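These are the residues of each chain, in order.
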Amino acid sequence: MKVGVLALQGDFREHVSAVIECGHEAIEVRRLSELESIDSLILPGGESTTIAQLAAAFDLFEPIVARIAAGMPVYGSCAGMILLSNRILDGAEGQRTFGGLDITVRRNAFGRQVDSFESDLQFNGRTLHAIFIRAPWVEEFGPGVEVLSEAAGHPVAVRQGNLLATSFHPELTSNLEIHRYFFDEICKSV
Ligand code: GLN
């Protein structure tokens with residue numbers, strides 16, 4: 001499977017390493033031809049406003065929206081979760097997202113309490129060590145959304161059809177559970 005990683009800003013290199021460790025081909029996506037060549041896409045952590053602006057500048061914004069609508073599996077971590085959400089609270093003025101997930105995210109939701117923290121979560125019946133960095137949480141979600149993990153009483157891992165999003169950064173740990181879930185449970189079922 002050819003797994004694209006949007007490589008405009010953020011921690012895309014860590015996702016590329018995780019893709020390779022899981023035994024798949026990783027393609028850094030910066031142009032349309034690269035987007036067209038992939039079977040699935042990962043949106044990294046970073047800065048969601050910058051990634052959206054660069055995607056527009058690189059003529060990738062609408063093509064990514066179109067591929068999401070066409071059913072391509074996409075996983076977004078942290079900023080990537082924001083980019084997959086249909087609605088944002090505390091967004092920058094005029095902030096756009098690719099959308100697809102019927103969720104409302106609150107940006108920098110944990111921010112006032114603590115900027116970054118680590119926590120053990122339950123995911124898919126197992127305990128997972130998760131790193132949160134100025135992370136969003138899911139404030140509201142529609143009936144088609146499955147909550148896979150929670151922290152501080154809010155969903156921090158969600159799935160809707162071909163789309164998966166986490167508030168935290170599995171790419172910054174050696175645990176490949178979330179990536180494997182994406183490849184084995186989502187990519188293989190489409
Ligand atoms: N707060 C960032 C944003 O709004 C996300 C932080 C992250 O990806 N670690 O895009």
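Residues numbered from 1 in each chain as written. Predicted model: local features only at pLDDT ≥ 70, side-chain atom pairs only at ≥ 80, totals over all residues. Heavy atoms only, no water.

(A) Highlighting the sheet that holds strand 5 (residues 85-89). Spatially, 5-6-9 is the arrangement adopted by the 3 strands of the open sheet, whose pairing is mixed. Each end of this open sheet is capped by a strand with a single partner; those strands are strand 5 and strand 9 (137-141). Direction aside, neighbouring strands of the sheet carry axes that sit 35 degrees apart on average. Direction of pairing for strand 6 (residues 101-106) relative to strand 9: antiparallel, over a ladder of 4 bridges. When the bridges of strand 9 are listed, R106 appears paired with W137. (Pairing = 2+ DSSP bridges. Helix = DSSP H or I, 4+ residues; strand = E, 2+ residues; numbered from the N terminus. Axes fitted to C-alpha atoms, helices over the stretch in contact; angles between N-to-C directions.)

(B) Quick look at the packing of aromatic side chains. For the structure shown, the criterion picks out 9 aromatic pairs. Centroid distance F123 to Y181: 5.3 Å. Interplanar angle 80 degrees. Geometry classified as edge-to-face. Of this pair, F123 sits in strand 7 (residues 116-123) while Y181 sits in helix 6 (residues 177-186), and the two are 58 residues apart along the sequence. Comparing F123 with Y181 shows no difference in burial state: the two are buried. Taken together through their ring pairs, the aromatic side chains of F110, F117, F132, W137 and F168 make up a single cluster. Its end group placed over the ring of F61, R96 keeps NZ or CZ at 3.9 Å from the ring centre. (Phe/Tyr/Trp six-rings, centres within 6.5 Å; stacked < 30°, edge-to-face > 60°. Buried < 20%, exposed > 50% of the residue type's maximum accessible area, 1.4 Å probe, protein only. Lys NZ or Arg CZ within 6 Å of the ring centre and 35° of its normal.)

(C) The arrangement of the site of the ligand in detail. Taken together, G45, G46, E47, S48, C78, A79, I82, R107, N108, I133, R134 and H169 make up the full set of residues near the ligand. R107 places a polar side-chain atom, nitrogen or oxygen, 2.6 Å from an oxygen atom of the ligand. Within the side chain of N108, a nitrogen or oxygen atom sits 2.6 Å from a nitrogen atom of the ligand. Contact with the protein chains removes 94% of the 300 Å² of surface that the ligand exposes when unbound. (Near = heavy atom within 4 Å. Polar contact = N/O pair within 3.5 Å; in protein donor to acceptor, adjacent residues only side chain to side chain. Areas by Shrake-Rupley, 256 points an atom, 1.4 Å probe, with all protein chains shown as cover.)

(D) How the structure looks around the pairing of strand 12 (residues 163-166). Of the two faces of strand 12, both are covered, the one formed by L163 and A165 as well as the one formed by L164 and T166. One ladder, built from 4 bridges, connects strand 4 (residues 74-77) with strand 12; its direction is parallel. Of the residues in strand 12, the one forming a bridge with V74 is L163. Here strand 11 (residues 154-160) runs beside strand 12; their pairing, made up of 4 bridges, is antiparallel. Bridged to Q160 within strand 12 is L163.

(E) Layout of helix 1 (residues 12-21). For helix 1, the complete set of buried residues consists of F12, H15, V16, A18 and V19. Each buried residue of helix 1 lies within a common arc of 165 degrees when the element is viewed along its axis, so the set occupies one face. Exposed residues lying more than 90 degrees from the buried face of helix 1 are R13, I20 and E21. Packed against the buried residues of helix 1 are strand 1 (2-6), strand 2 (25-29), strand 3 (40-43), strand 4 and helix 6. Taken from the residues just after helix 1, G23 is the one with a positive phi, measuring 90 degrees. (Arc of directions from axis to C-beta. Contact = heavy atoms within 4.5 Å.)

(F) Broad picture of the pattern of salt bridges. Applying the stated criterion across every chain yields a total of 9 salt bridges. Here R30 makes a salt bridge to E28, at a shortest N to O gap of 2.5 Å. The partly exposed category is assigned to R30, whose relative accessible area is 31%. The partner of K188 in a salt bridge is D184, with the nearest N and O atoms 3.5 Å apart. Among the residues examined, K188 registers a relative accessible area of 59% and is labelled exposed. (Salt bridge = Lys/Arg side-chain N within 4 Å of Asp/Glu carboxyl O.)

(G) Spotlight on the side chain of Q95. Residue position: Q95 is located in the loop between strand 5 and strand 6. Of the polar contacts made by the side chain of Q95, one reaches the side chain of S48; its length is 2.8 Å. At 3.3 Å, the side chain of Q95 forms a polar contact with the side chain of R107. Setting aside residues up to four positions removed in sequence, Q95 forms contacts with S48, T49, I82, I88 and R107.

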